[in-house]
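What follows is the residue order along each chain.
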There are 2 protein chains.
Amino acid sequence: MADLLDDNDVAGLQQWLATHPPYEIADEMARAEPVHAALLLRLLDKDRALVAFEELDPPTQQKLLSGLRDQAFRDLVEGMDPDDRARLLGEAPAKFAHRVLAGLSPYERAMTAELLGYPEGSVGRYTSPETVTVRRHLTAGQALEVVRARGAAAETVYTLPVVDDERRFLGTVSLRDLVLSRPDRPVAELVVDDAPRAHTMDDAERAARLMQEANLLALTVVDNEDRVVGLLTIDDAVEVIEAADTEDIARQSAAQPWSGHYMSVGVTQLARSRATWLLLLIVAATLTVNVLQYFEAELAEVTALALFIPLLVGTGGNAGAQAATSVVRALAVGEVRTGDVLRVAWRECRVGLLLGVMLAVVGFVIGAVLVTVPVAVTVSLAIVLVCCWAAIIGSVMPLLAKRLHIDPAVISAPLVTTLVDATGLIIYFGLARLVLGL
Amino acid sequence: MADLLDDNDVAGLQQWLATHPPYEIADEMARAEPVHAALLLRLLDKDRALVAFEELDPPTQQKLLSGLRDQAFRDLVEGMDPDDRARLLGEAPAKFAHRVLAGLSPYERAMTAELLGYPEGSVGRYTSPETVTVRRHLTAGQALEVVRARGAAAETVYTLPVVDDERRFLGTVSLRDLVLSRPDRPVAELVVDDAPRAHTMDDAERAARLMQEANLLALTVVDNEDRVVGLLTIDDAVEVIEAADTEDIARQSAAQPWSGHYMSVGVTQLARSRATWLLLLIVAATLTVNVLQYFEAELAEVTALALFIPLLVGTGGNAGAQAATSVVRALAVGEVRTGDVLRVAWRECRVGLLLGVMLAVVGFVIGAVLVTVPVAVTVSLAIVLVCCWAAIIGSVMPLLAKRLHIDPAVISAPLVTTLVDATGLIIYFGLARLVLGL
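Residues numbered from 1 in each chain as written. Chains lettered and ligands numbered in written order. Predicted model: local features only at pLDDT ≥ 70, side-chain atom pairs only at ≥ 80, totals over all residues. Heavy atoms only, no water.

With that out of the way, let us pick up the packing of aromatic side chains. All names here are of chain A. Enumeration according to the criterion identifies 9 aromatic pairs over all chains in this entry. Between F73 and F96, the aromatic rings sit 6.3 Å apart at their centres with planes inclined by 75 degrees, giving edge-to-face as the arrangement. Pair noted here: F73 is in helix α7 (residues 70-79) and F96 is in helix α9 (residues 94-103), with a separation of 23 residues, a long-range link. Residue classification places F73 among the buried positions, given a relative accessible area of 2%. (Phe/Tyr/Trp six-rings, centres within 6.5 Å; stacked < 30°, edge-to-face > 60°. Helix = DSSP H or I, 4+ residues; strand = E, 2+ residues; numbered from the N terminus. Buried < 20%, exposed > 50% of the residue type's maximum accessible area, 1.4 Å probe, protein only.)

This is how it looks when you write it as structure tokens:
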């Protein structure tokens, strides 16, 4: 595929495009140079071009659109779903956003502007406004007629919000129930009246995880007066969850999340996403230099103590990182709540003790074989204490962060490691004074 | 809620259960003691009990079932979806599985046995066999009649596989298109004939990610002869993706994944999931002791060198962990392929250089202020080299793992950190010899 592009082999490309589904084409477009991606887009017929285009991430969409002439530009942005368009514009510079909005029909522009009014990360941004609603007093047969009349433009017709005369949300009815029941059965009998709803201003990730837990294909989105605004559909919800997981994973390695495709994001942008935390962490690591300076007399007297510094701080860091990672994930999927802090700390403390004792045995053997028994005793005792300490720090910090309304995922493995390094050294040299009588 | 359980306040519990949705009830059951969870289940009416029960993870389901009497036990297992039941049995001991199978009706038993025949992690295990298929020669109206006649037992009726007379897969038709088109329109005109399919033996995670990319509500599952076996539905696909993400996240912190709820998994099981890697890593860390022993003369001559060991190896480890995490995630979501190894290494090498130069400046200042300029020069040069080296190691290793058919997620932050520790120390002391003339 990349070869075809390099050779500018139009016939070969057309052949390739005809035999691959839009999502694979989109993946190739995201990986290709912008000029190549634009060529692929031009070679596709209009419908498939739109489907492939909608699969791209917003930064790639923006890059691609910027290189298009007006007619092709307008066709794409007019054809996009309103919620996809709002997400594209949410990340774009004002000038670009202006060009997009100017190219839209008044109807599409109004819908997009409404979605853009909701804050980033809110349910509103992901809402599909093109929804078929059903009045409560209809029969199943009449409701099916409503679907037939108005369903063509809707993003989904499988979940239909049921509303009263003021468009207030009463529950949902599924197309499945409408099709399977007798046509004269009242919709009121088919309504799921405890169907969950989300507010436009709610957190999109929470709403998406609720859909996952409740096995919903679409979640009704309402405004302050409980009037139906639209639906959050499962494909958007999956995208929200996956983006949140990707962000959490980036944060867990002390990087700031960025949106876009790994192969097309710039080197400086990658470096920038990682720089802030690395700077903070190296400054925090100065503490380890201070601690070691404080114990410099002991270090000079028993140089053998220095040999185990990387092993000890590494082991403590690993144990702390494991605890932090478990708790951050359990918080993300809703298995742990901030109120569980004492229960979690107690669990992790026992896990740390078990692991610490096991590792201390190994540490003792390594120390006794390579150096001396007294140093080995110091190292192994330090391992037990550091593992417990690291497990407690690693598990409690994400819960504290959550309580302070900080994303728990920022309690990354590198952060825990760095914090455990300095305190671990204090434990180590404190023990060395006791055991070795320094 | 926990208070109500502790007080055995049945009236209060019934009130609470009546006003909460099944997925919230399931969450409370997973967090509660088994005897409390069983009480909650008994207090629910049969239908809601089943829905809540199906939301639980297999280990909790098994614990709960084991405590039930025969009638309640049979009601629950008979009511479960066949694919959920297969997953429960896949993780359970033989004796328990036997009790479940013995309690089933012959029809349900046959379906479950078939799904259990597919290996764990395969698409087959997640397939819903209760599917409505449509013959190609029908009209839209006739196809709707088929849905009406046979749809009640099916897991979904929104995606309908279209088959020939030998039940071979030809494509799919959506209920939406059937409802929206004229009743006399032939199904053949509505078929999506390039609809993707998955084979029963395919990897479930890959199939689920394909559904996400292609925005499918259900993916047709076929056997070796291309005959329709059933559907992989989006709710199961989301579960598969989320479980895979949770596993990757655990592996990224050097822990083995376990299934179940964080708050109900045992302390020893948690410790066991983390022990193997910690042991391997502490043994690998012995290398750092060897390296330092080799440079013991230099350490004794300039003790100040020891002060920067944690800062240096920590910084290198952090940079390597960031690179590894980015690449592992990009591989998981399909943005990077094994063939990209040189491109990725070159990108990450430049990122590492940029970050290394920036951090070296900070390292120089810390060194010059706290110790001496020559030591500061050594430290800052080491930081540049270690950051580049760590970024290359961290990014290339996941790609190599993938090529060797090892899960790339095992290239965890702790593993990269440990490997970078030893090599980083060699770089550091090698530079010290040059710069300080030792």
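Now that the structure has been shown, we can carry on.
With that settled, consider the pairing of strand β2 (residues 159-163) of chain B. All names here are of chain B. Within β2, 5 of the 5 residues are buried, which leaves it mostly tucked inside the rest of the structure. By the alternation rule, side chains of β2 split into T159, P161 and V163 and L160 and V162, which are all buried. Across 2 bridges, strand β1 (residues 134-135) lies against β2 in parallel orientation. The partner of V134 across the bridge, within β2, is V162. (Pairing = 2+ DSSP bridges.)

Turning next to the relation of the copies chain A and chain B. Taken as rigid bodies, chain A and chain B are interconverted by a rotation of 180 degrees and an axial shift of 0.0 Å, the fit giving an RMSD of 0.1 Å. The symmetry that links the two subunits is that of a two-fold axis. Most of the interface of chain A is mirrored in chain B, where 100% of its interface residues again form contacts. (Least-squares fit on C-alpha atoms with pLDDT ≥ 70 in both. Contact = heavy atoms within 4.5 Å.)

Our next topic: the sheet that holds strand β6 (residues 228-233) of chain A. To summarise the sheet geometry, strands pair through backbone hydrogen bonds and adopt either a parallel or an antiparallel arrangement. All names here are of chain A. Spatially, 3 strands are ordered β4-β5-β6 in an open sheet, and the strand pairing comes out mixed. The open sheet is flanked by β4 (197-199) and β6, the only strands paired with a single partner. This sheet shows a mean twist of 35 degrees between the axes of neighbouring strands, independent of strand direction. Pairing geometry for strand β5 (residues 218-222) and β6, over 5 bridges, is antiparallel. Across the sheet, the residue bridging to V221 is G230, located in β6. (Axes fitted to C-alpha atoms, helices over the stretch in contact; angles between N-to-C directions.)

Attention now moves to the UniProt feature "domain: CBS" (unreviewed entry) in chain A. Residues and elements named next belong to chain A. Within the UniProt annotation, "domain: CBS" (unreviewed entry) is assigned to residues 127-189 and 191-249. As annotated, residues 127-189 has a helix share of 32% and a strand share of 21%, and its two end C-alpha atoms lie 27 Å apart. Between the first and last C-alpha atoms of residues 191-249 the distance is 40 Å; the span itself is 46% helix and 24% strand. (UniProt positions renumbered as here; feature names shortened; annotations may be inferred.)

This part takes up the sheet that holds strand β4 (residues 197-199) of chain B. All names here are of chain B. Ordered by their spatial adjacency, 3 strands build an open sheet running β4-β5-β6, and the pairing between neighbours is mixed. Taken across any chain shown, the strands that pair with only one partner, and hence form the sheet edges, are β4 and β6 (228-233). Direction aside, neighbouring strands of the sheet carry axes that sit 35 degrees apart on average. Inspection of the sheet shows β4 paired to strand β5 (residues 218-222) by 3 bridges, in the parallel sense. Within β5, the position partnered with R197 by the bridge is T220.

Residues and elements named next belong to chain A. What the rule picks out here adds up to 54 salt bridges over all chains. One salt bridge connects E247 with R251, and the closest N-O pair in it is separated by 3.7 Å. With E247 and R251 both in helix α15 (residues 234-252), this residue pair falls 4 residues apart, about one helical turn. Judged by relative accessible area, E247 falls into the partly exposed class, the value being 34%. Overlapping salt bridges bring together D83, D84, R87, D236 and E239 as one network. (Salt bridge = Lys/Arg side-chain N within 4 Å of Asp/Glu carboxyl O.)

Time to look at the side chain of B:R329. With respect to the helices and strands, the residue B:R329 is situated in helix α19 (residues 309-332). For B:R329, the side chain forms a polar contact with the side chain of B:D245, separated by 3.0 Å. Setting aside its immediate chain neighbours within four residues, B:R329 contacts A:E242, A:D245, A:T246, A:I249, B:R209 and B:D245. (Polar contact = N/O pair within 3.5 Å; in protein donor to acceptor, adjacent residues only side chain to side chain.)

This part takes up the interface of chain A and chain B. Between chain A and chain B, the contact holds 110 residues from the first and 110 residues from the second. On the chain A side of the interface with chain B, the three residues burying the most area are A:R176, A:Y262 and A:R347, jointly 8% of the side's total. Between B:E348 and A:R274 there is a salt bridge whose closest N-O contact spans 2.8 Å. Viewed at the interface, chain B and chain A are joined by 49 residue pairs in polar contact (both at pLDDT 80 or more). For the side of chain A that touches chain B, the element with the most residues is helix α16 (residues 267-294) of chain A, which contributes 18 residues. The residue makeup of the side of chain A that touches chain B, split by class, is 64 nonpolar, 23 polar and 23 charged. (Buried area = accessible area lost by both parts, 1.4 Å probe. Nonpolar A, V, L, I, M, F, W, Y, C, P; charged D, E, K, R; others polar.)

Here we take up a negative patch on the surface. Among the surface-exposed residues, A:D3, A:D6, A:D7 and A:E33 lie close enough to one another that they form a single negatively charged patch. Along the chain, A:E33 turns up in the loop between α3 (22-31) and α4 (34-43). (Patch = residues over 30% accessible without salt bridge, like charges linked within 9 Å, V, L, I, M, F, W, Y side chains within 5 Å. Areas by Shrake-Rupley, 256 points an atom, 1.4 Å probe, with all protein chains shown as cover. Lys, Arg positive; Asp, Glu negative; His and termini not counted. Charge placed at Lys NZ, Arg CZ, Asp CG, Glu CD.)

The next point concerns the domain arrangement of chain A. Assigned domains within chain A: domain 1 (2-120), domain 2 (134-251) and domain 3 (267-436). One C-alpha centre belongs to domain 1 of chain A, the other to domain 3 of chain A; they are set 47 Å apart. (Domains from an automatic or database assignment.)

Residues and elements named next belong to chain A. With respect to the element layout, V375 can be found in helix α21 (residues 373-403). Taking the C-alpha atoms as reference, V375 lies 75 Å from V163; in sequence the two are 212 residues apart. Sequence-distant contacts of V375, that is, excluding residues within four places in its chain, are made with V302, A304, F308 and L436.

Residue and element names in this part refer to chain B. By secondary structure assignment, the location of N224 is in the loop between β5 and β6. Since its relative accessible area comes to 67%, N224 is described here as exposed. One polar contact links N224 to H199, side chain to side chain, over a distance of 2.8 Å.

With 28 residues, helix α16 (residues 267-294) of chain B extends 40 Å between its outermost C-alpha atoms, agreeing within 8% with the 40 Å of an ideal straight helix rising 1.5 Å per residue. At B:A275, α16(B) is deflected by roughly 35 degrees, the largest bend along its length. (Expected span 1.5 Å × (residues − 1). Bend = angle between axes of the 7 residues up to and from the residue.)

Another aspect to go through is the packing of α16(B) against helix α22 (residues 413-436) of chain B. Residues and elements named next belong to chain B. Direction vectors running N to C along α16 and α22 enclose 5 degrees, while the axes themselves pass 9 Å from each other. In terms of orientation, α16 lies roughly parallel with respect to α22. Contact residues: α16 offers W277, L281, A284, A285, L287, T288, V291, L292 and Y294, while α22 offers P414, L415, T418, D421, A422, L425, I426, F429 and R433. Of the residues assigned to the contact of α16 with α22, the class counts are 14 nonpolar, 2 polar and 2 charged. (Parallel < 35°, antiparallel > 145°, perpendicular 65-115°, else oblique.)

Residue and element names in this part refer to chain A. UniProt records the feature "transmembrane region" (unreviewed entry) for residues 277-295, 307-332, 353-373, 379-401 and 413-436 in the present numbering. Taken end to end, residues 307-332 is 96% helix and 0% strand, and its first and last C-alpha atoms sit 39 Å apart. Between the end C-alpha atoms of residues 379-401 there is a gap of 32 Å, over a span that is 100% helix and 0% strand.

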